[in-house]
Amino acid sequence: MTAIATHQVPDAISSIHTDLFIDGEWVPAAAGDRFDVLNPATGELLAQVADADATDARRALETAAAHQAEWAATSPRSRSEILYRAYQLIMDRVDEIASVMTAEMGKPLAEAKGEVAYGAEFFRWFAEEAVRIGGDQTTTGDGANRIVVSKQPVGPCILITPWNFPLAMGTRKIGPAVAAGCTMVLKPAELTPLTTLLLADILVEAGLPAGVLNVVTTTDPSSVVTEWMDSGLARKVSFTGSTEVGKTLLRQAAGTVMRTSMELGGNAPFIVCADADISRAVDGLMLAKMRNTGQACTAANRIFVHRSVIDEFTEAFTAKMAALKVGDGAADGTQVGPLVEPKAVAKVSSLVDDAVAKGATVACGGEAPEGPGYFYPPTVLTGVGLDADLVRNEIFGPVAAIIPFGDADNPLDPAADDEVISLANDTAWGLVAYFFSQDVDRCARLSAELEAGMVGVNTGIVSNPAAPFGGVKESGLGREGGRVGIEEFLDMKYTATPIRR
């Protein structure tokens, strides 16, 4: 594999504001510091972005708090129309936004364009939800009081987004906050801040008032976020990232009893049953494993294949993985881009080496290439033991670990279902699970008994703005998207009024 270096900064980046966005203005960090944003395919410098500290963080949150009452008082229709305009502006600039995302994150342009469309859809979805915030009215059982239930914005929100889907994770949080009438402070990941800064500009163009969204970029997220969490001004935190950081935020949120939405880590099982449509299962795994070069919390991490079909499945899947073209995401024909940083390559390499040392066999890939960029080839490991580190940890890279289950000579033995359900659920996480089967009864059982917030049945993609995205166990709290997504940004109030007779 040879990485293709472009050595050219996309024109779209040169026009992006790279300061902090506070109270509708682009301002430098108080200390004047800046940090580098690099292209992971080449290591080249893309831009230097304002590097905020706790002082900047406090100013941003105070701004959000100061605008909360005025913003909450705006009409649902006006908030809806802002989101509609932002949706259309994003769709009008797909190529521009995708080129920025590919440059700073690495994903192939085709995938970046797909994310732009997916991310924009959250704005359209929540534009529709903004005018459907409802309530209830009833009479107490004794007939003495009328109860009116209403919903109000929770107040200023802390939004923390990851680097792997820099547009969609922003719109998935900003959309419901705007729709509900909440002001925000947003901290994007330091590896991919440019897409978020561009998104802020788009929202300004769409008519979002000053102070509603405030964006703070930093290389010291601990000091910035701790300032927000301890302030007493914020009433909600929405975080997408690691379980370790999520637990820290939950502890901090307890200090002021803050509302929380946590979309944390995953360890997704992908199950190929004896009766699966093998071709369909292979295609499904290519989507579930290789989307975003495997750098997704929804990525298939443990691939359980019934022994009666494992040879057929592995041969077909390995051929597809080996044929993928790896290179700079901006280059024509690239299907697999770089990992986001050198640490990611080191982690994936370590997990593969550990699995091989414990008995796994490399069917393709398995070694990072020489040259510029942070690349790792599509890799298939067979005969992976349950003691391998990658069985217990998110791989977050283009490595597929195939683990056999069941009796090759008895494919109809129902004990295989018991075995694979136990294996799949043997993890602290429960974000998503995938399985492929053509048996209706088996589909019903696996759907019910797999411990995950989302289940893909004969599909490798579960994410959709219309669906309530989220997990169970240590994969998080709350849901993003769907009809319930806006509820995470609303408080419920009831008013009791005596009924005079």
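Just so you know, these numbers come straight off a predicted model, no measurement behind them.

Conventions and cut-offs
Residues numbered from 1 in each chain as written. Predicted model: local features only at pLDDT ≥ 70, side-chain atom pairs only at ≥ 80, totals over all residues. Heavy atoms only, no water. pLDDT = per-residue confidence, 0-100. Contact = heavy atoms within 4.5 Å. UniProt positions renumbered as here; feature names shortened; annotations may be inferred. Helix = DSSP H or I, 4+ residues; strand = E, 2+ residues; numbered from the N terminus. Buried < 20%, exposed > 50% of the residue type's maximum accessible area, 1.4 Å probe, protein only. Core = buried A, V, L, I, M, F, W, Y, C linked by side-chain atoms within 4.5 Å. Phe/Tyr/Trp six-rings, centres within 6.5 Å; stacked < 30°, edge-to-face > 60°. Lys NZ or Arg CZ within 6 Å of the ring centre and 35° of its normal.

J.: Whenever I open this one, the confidence of the model for the protein confuses me. Can you help?
T.: Should pLDDT be low for a region, the predicted coordinates there are not to be read in detail. Taken residue by residue, the protein gives an average pLDDT of 96. The fraction at 70 or more is 98%. When the criterion is pLDDT under 50, residues 1-7 qualifies, and its contacts beyond four places in sequence or with other chains add up to 19 contacts.

J.: I'm lost on the UniProt feature "active site" (unreviewed entry) in the protein in this one. Help?
T.: The UniProt feature table records "active site" (unreviewed entry) at Glu 263. Structurally, the position occupied by Glu 263 is in strand 11 (residues 259-263). For Glu 263, a relative accessible area of 5% corresponds to the buried category.

J.: It is not clear to me how the nonpolar core should be interpreted in this structure. Could you clarify?
T.: In terms of nonpolar packing, the biggest core is built from 65 residues, with Ile 90, Phe 123, Ile 174, Leu 194 and Leu 213 touching the most fellow members. It is helix 5 (residues 109-130) that contributes the most residues to this core, 10 residues altogether. Setting aside its immediate chain neighbours within four residues, Ile 174 contacts Phe 123, Leu 159, Met 184, Leu 186, Leu 199, Leu 203 and Leu 213. Core analysis: the next-biggest nonpolar cluster, separate from the first, contains 36 residues, Ala 276, Val 309, Phe 317 and Phe 375 among them.

J.: I would appreciate a short explanation of the environment of Glu 115 in the present structure.
T.: Tracing the backbone shows Glu 115 in helix 5. On a C-alpha basis, the gap between Glu 115 and Met 101 in space is 9.3 Å, while along the polypeptide they are 14 residues apart. Those residues in contact with Glu 115, other than ones at most four positions away along the chain, are Met 101, Lys 107, Asn 164, Phe 165, Pro 166, Leu 167 and Ala 168.

J.: Would you mind going over the packing of aromatic side chains with me for this structure?
T.: Within a pair of aromatic rings, the relevant descriptors are the distance that separates the centres and the angle that separates the planes. Applying the stated criterion across every chain yields a total of six aromatic pairs. Each ring, one from Phe 21 and one from Trp 26, has its centre 4.7 Å from the other, and the planes form 40°; the classification is tilted. Under the relative-accessibility criterion, Phe 21 is labelled buried at 4%. With a centroid separation of 5.9 Å and 40° between ring planes, the pair formed by Phe 270 and Tyr 434 is classed as tilted. Of this pair, Phe 270 sits in strand 12 (residues 268-272) while Tyr 434 sits in strand 18 (residues 432-436), and the two are 164 residues apart along the sequence. Look at Phe 270 and you get buried, because its relative accessible area is 0%. Positioned over the ring face of Phe 469 is Arg 172, at 4.1 Å from the centre of the ring. For Arg 291, the ring lying beneath its charged end belongs to Tyr 118, and the centroid distance is 5.6 Å.

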